[in-house]
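# Examination of the molecular architecture
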Amino acid sequence: MPKFDLATLGWDADLASHLTANLQPARVVAGHRGEVDVATEDGRIRVAVPRRFARDGQDVAVGDWVGLATGAVQEVLPRRSALIRHAAGKATRAQVVAANVDIVFVVTSVGPDLDLRRLERYLVTIWESGARPELILSKIDRVDDATAFAREVATVAPDVPVHTVSAVTGEGCDAVLARITRGTTAVLVGSSGVGKSTLLNRFAGADVMSTGEVRLDDDEGRHTTTHRELILLPNGGILIDTPGIRELQLWSAEEGLEAAFSDIESLVATCRFSDCSHESEPGCAVQAAIADGTLTEQRYASWRKLQAELQVIAARQDALVARDEKRKWKLLSADEKTRTRNR
Ligand SMILES: Nc1nc2c(ncn2[C@@H]2O[C@H](COP(=O)(O)OP(=O)(O)OP(=O)(O)O)[C@@H](O)[C@H]2O)c(=O)[nH]1
Ligand SMILES: [Zn+2]
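Because the structure is a prediction, the values reported are computed rather than measured.

Every protein donor of the zinc ion (ligand 2) is listed here as Cys 271 (SG), Cys 276 (SG), His 278 (ND1) and Cys 284 (SG), and their distances to the metal cover 2.1 to 2.4 Å. Around the zinc ion (ligand 2), the four donor atoms are arranged such that angles at the metal cover 102 to 116 degrees; this shape is classified as tetrahedral. On the primary sequence, the residues serving as donors to the zinc ion (ligand 2) are separated as C-x4-C-x1-H-x5-C. Note on Cys 276: relative accessible area 9%, which makes it buried. Owing to a relative accessible area of 6%, Cys 284 belongs among the buried residues under this scheme.

As structure tokens, this is what we get:
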């Protein structure tokens, strides 16, 4: 009998069908330099990540399902979703900060610094990741009427559930927790100070969390001192909280942009001219919506700005790909030379 049932962390038949025979399945629960902590059927262990993964540009991220052998990761199973940020200090390169996330909660606190434009950026990135975004308006104990704020954010978040919570009074917290059902993986993102840690602690419940830790501990039941980045909640839900995850950035996200601005996209579809620039053409549905107040100038400008940024990112990526191709070609031709010489 296995000590730990991986189904608890979301292991299923579909994942199993992708695992190479004879490899041991595991889920990454924390990352280190050149190593990862994983949950296996035998408990929690630390394994090596061979250098070839970095060489191939293959990240092994918290939340990933992997196949193990001889104390090392051998393969990363196909991901349902991947949250990405720019690797620190590097040229334009994506780094996966969390994998196989089902729901990303964007936390923002009610009050004067509620930033709709920042929310839009988050939503673009999340839609693109393959995860589902949901919004949490936090600290509602500080205002008289949170519903006005909820209505306001709803205007920039089509098809996105909006929750209102106070981690102090507990209001609304159960409704959010109920979204993180058994086996569902969620993360909390948002600016510093909006209350993510407070919510996380509330969801995890200090004493019950330690029970969860024992279940994932190593053979001797030792307490590991490392910071846990994938947390099993008492209700069976899973929360990922990695250091990098809080700084989500916009990264090549055309589909994400369309999803996050589905209201504008459906307007665009009804412009009279298919190549409408939405500036001054007759029959422009976007300008009409701005004129009658259903679309704000700010949201329209935000859409434009994000589009432009994505174009810049795409161009930079193209340049990088071209450079890598050239390098590969150089290597190839060097090979050719050796071969010719040895002939
Ligand atoms: N009034 C009120 N204050 C809250 C609430 N939730 C959190 N706070 C306070 O807001 C401050 C920041 O909360 P944190 O949970 O540390 O915020 P965070 O988002 O985790 O911040 P980082 O760790 O910097 O990313 C703390 O002083 C909390 O006590 C709330 O619902 N209502
Ligand atoms: Zn138009």
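From this point on, the discussion continues.
It is worth spelling out the layout of surface pockets at this point. Computed from the structure, the second largest pocket encloses a volume of approximately 160 Å³. Broken down by secondary-structure element, the contributors of at least two residues to the lining of the second largest pocket are helix 3 (116–129) and helix 11 (297–342). Across the lining of the second largest pocket, the residue classes break down as three nonpolar, five polar and three charged. Two domains each donate at least three residues to the lining of the second largest pocket, and these are domain 2 (99–247) and domain 3 (254–342).

Turning to the site of ligand 1, a few remarks are in order. Lining the immediate surroundings of ligand 1 are 15 residues, of which Asp 141, Ala 167, Ser 192, Ser 197 and Thr 198 lie closest. Residue Ala 167 places a main-chain N or O atom 2.7 Å away from an oxygen atom belonging to ligand 1. Within the backbone of Gly 193, one N or O atom sits 2.9 Å away from an oxygen atom of ligand 1. Burial of ligand 1 by the surrounding chains reaches 66%, relative to a free accessible area of 650 Å². Looking at the shell around ligand 1 residue by residue, the class counts come to three nonpolar, seven polar and five charged.

Calculation notes
- The residue count restarts for each chain, going from 1 along the sequence in the order it is written.
- Going through the entries in the order they are written, you letter the chains from A and number the ligands from 1.
- For this predicted model, a pLDDT threshold of at least 70 governs which residues receive local features, and a threshold of 80 or more governs which side-chain atom pairs are given and counted, while totals over whole chains, interfaces and linings are taken from all residues.
- Side-chain metrics in this entry use all non-hydrogen atoms of the structure; hydrogen atoms and water are not considered.
- Only N, O and S atoms count as donors, using a 2.8 Å cut-off from the metal and 3.2 Å for Na, K and Ca, and because water is excluded some sites may appear unfinished.
- Only two sets of limits are used to name each site, 85 to 135 degrees for every angle of a tetrahedral four-donor site, and over 155 degrees for opposite donors with all other angles from 65 to 115 for a square planar four-donor or octahedral six-donor site, with any other site named irregular.
- Note on exposure labels: buried denotes an accessible area under 20% of the residue type's maximum, exposed denotes more than 50%, and partly exposed covers the range between, all computed with a 1.4 Å probe on protein chains only.
- Definitions used throughout: a 1 Å grid over protein atoms alone; a cavity as a set of points that fits a 1.4 Å probe which cannot get out; a pocket as an open set with protein on both sides within 12 Å along at least five of seven lines; a lining residue as one with an atom within 4 Å of a point.
- Grid points are joined across faces, edges and corners, and a volume is the space filled by probe spheres set on the points.
- By definition, any uninterrupted DSSP run of H or I lasting at least four residues is a helix, any uninterrupted run of E lasting at least two residues is a strand, and each is numbered from the N terminus.
- Nonpolar residues are Ala, Val, Leu, Ile, Met, Phe, Trp, Tyr, Cys and Pro. Charged residues are Asp, Glu, Lys and Arg, and all others, Gly as well, are polar.
- Where a domain begins and ends is set by an automatic assignment or by a domain database.
- Proximity is defined per residue: any heavy atom of the residue falling within 4 Å of a molecule or strand makes that residue near it.
- By the criterion applied in these results, polar contacts are pairs of N or O atoms within 3.5 Å in which, for protein atoms, one can donate a hydrogen and the other can accept it, and in which residues neighboring in sequence qualify only through two side-chain atoms.
- In this description, accessible areas are obtained by the Shrake-Rupley approach with a 1.4 Å probe, and a residue is regarded as covered only by the protein chains that are shown.

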